[in-house]
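Observations on chain architecture
Listed below, chain by chain, are the residues.
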Amino acid sequence: MNKKMLIVYPNNFLQGMQGTNSRVFQLVKLFKEIGYEIDFFGYENFTSDSSFKNFEKLNTDNLISNLYVYDFQQPKKNKKEFIIKKLKRKFNKDKKNYLQDWTNPDIQEMFDDITSKNNYDIVILFYTYLANLIKNSNQNYKKVYFMEDSMFLQQYSWDKNNNKNLTLGKLIDEEIERLKYFDEYFCISYDEKIFYEKLIERKMNFLPHVSSNFGKELELKPLSKRKWDVFFIGFNNPFNVEGLNWFLSEVYPYLDKNLKILLVGSATKKINISYPNVDIIQFVPDLDDVFKNVKVSICPMFRGTGMKIKVVESMEKGIPVVCNERGVDGLPDKIECGCLVTEDAKEFADYINKLIENESFYNEISQKIKNYYNKIFDREKYIKLIKQVLV
């Protein structure tokens, strides 16, 4: 008899379109492979980038047994509790919550109903913004947290200019408190594993982004046959938009104008200037078709936490990566990983130009990135770790 697992994650991970969806997809495949029956709890009308309306059509491999969705547009049942909660937030100055809370009384009631009617062995959550769901649980499932980002750092970057009372101390105190609700922890970032182990004095297991295609090389087109020289992908979050704007305004002027550039993802919605050698595609159903056709991947980014899935997916294919320092966040070794890292716009462009012009240099960087990927992202090693921790 298979063990039962509930995953709580707001977005429809089967849609792809952003790195964390790819991460969840690969983890679900791994859990299924090692014998778990998986249910999923998500949110409808939570963000404009996600919808569960096509979930059944996308769930062709039956990765998910039962889907539960809370719809933010449905009428609230617990109106009285909502009002009480708002009043408490307004007047309780001694205990004001600053860290975001993606739960409400109706979501809590739905979660409690799901977990009481199913004999789950494991319940997995992906953001501390959801942690209050398990705060008062007395059920006998193992509570497991998958840390994809440092949420207090992310929120501080988003909100510090809009909330003058916000401090890192207030946010980190709340995140530490919520993290202590869990029994086990997996961390995508080696940086955050070390940092949070010291904060909460508990074991954080390093689990980078692993792919079911590990050991199976994607057949890329010969360099001379690839359609695009430079490739960017990013969904519409402020850090991706900021990085893309920097690339176009500061790096692009130094690039060879014969280069063909492909920009993919909803981060491109804010581009209002036309470039003669730049193609823009907001959604690509199969990224492998793109990877076969690109030479260099870029990750311009100055803020953010976790591990950049777009960087890892490029490394997996042996595609050289040019990035800022944030692009190699989460990797255990940032010097030997093979990525070309700089904060300087001209040097960023010089790296791209050299990779395109110098095939020997290109092959050297490509091989270095492949070697590092094969060393750090060995899927079988992490399957053993997951089995040990979840037992």
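Up top you'll find the structure we're talking about.
These remarks concern the structure in this document. Given the structure is predicted, the values throughout are model-derived calculations rather than measurements. (Residues numbered from 1 in each chain as written. Predicted model: local features only at pLDDT ≥ 70, side-chain atom pairs only at ≥ 80, totals over all residues. Heavy atoms only, no water.)

**Observations concerning the nonpolar core**
- Grouped together as the largest cluster of nonpolar side chains are 89 residues, with contacts concentrated most on Ile-7 and Phe-31.
- Considering every element that reaches this core, the biggest residue donor is helix H13 (residues 379-390), with six residues.
- In this structure Ile-7 touches Val-28, Phe-31, Ile-38, Asp-39, Phe-40, Phe-41, Ile-124 and Phe-126, once residues within four positions along its chain are discounted.
- Among the nonpolar cores identified, the runner-up in size contains 30 residues, and Trp-246, Val-251, Ile-298 and Ile-365 belong to it. (Core = buried A, V, L, I, M, F, W, Y, C linked by side-chain atoms within 4.5 Å. Buried < 20%, exposed > 50% of the residue type's maximum accessible area, 1.4 Å probe, protein only. Helix = DSSP H or I, 4+ residues; strand = E, 2+ residues; numbered from the N terminus. Contact = heavy atoms within 4.5 Å.)

**What about the side chain of Asn-277?**
- Residue placement: Asn-277 occurs in the loop between strand S9 (261-264) and strand S10 (278-281).
- Relative accessible area serves as the criterion here: at 11%, Asn-277 is assigned to the buried category.
- Polar contacts involving the side chain of Asn-277 include one to the main-chain carbonyl oxygen of Leu-259, which spans 2.7 Å.
- Beyond its immediate sequence surroundings of up to four residues, Asn-277 is in contact with Tyr-252, Asp-256, Lys-257, Leu-259, Lys-260 and Ile-261. (Polar contact = N/O pair within 3.5 Å; in protein donor to acceptor, adjacent residues only side chain to side chain.)

**Comments concerning the packing of aromatic side chains**
- Considering all chains together, one arrives at 34 aromatic pairs under this definition.
- It is Lys-257 that lies over the ring of Tyr-252; its NZ or CZ is 4.9 Å from the centre.
- Here Lys-354 stacks its cationic end above the ring of Phe-361, 4.3 Å away from the centre of that ring. (Phe/Tyr/Trp six-rings, centres within 6.5 Å; stacked < 30°, edge-to-face > 60°. Lys NZ or Arg CZ within 6 Å of the ring centre and 35° of its normal.)

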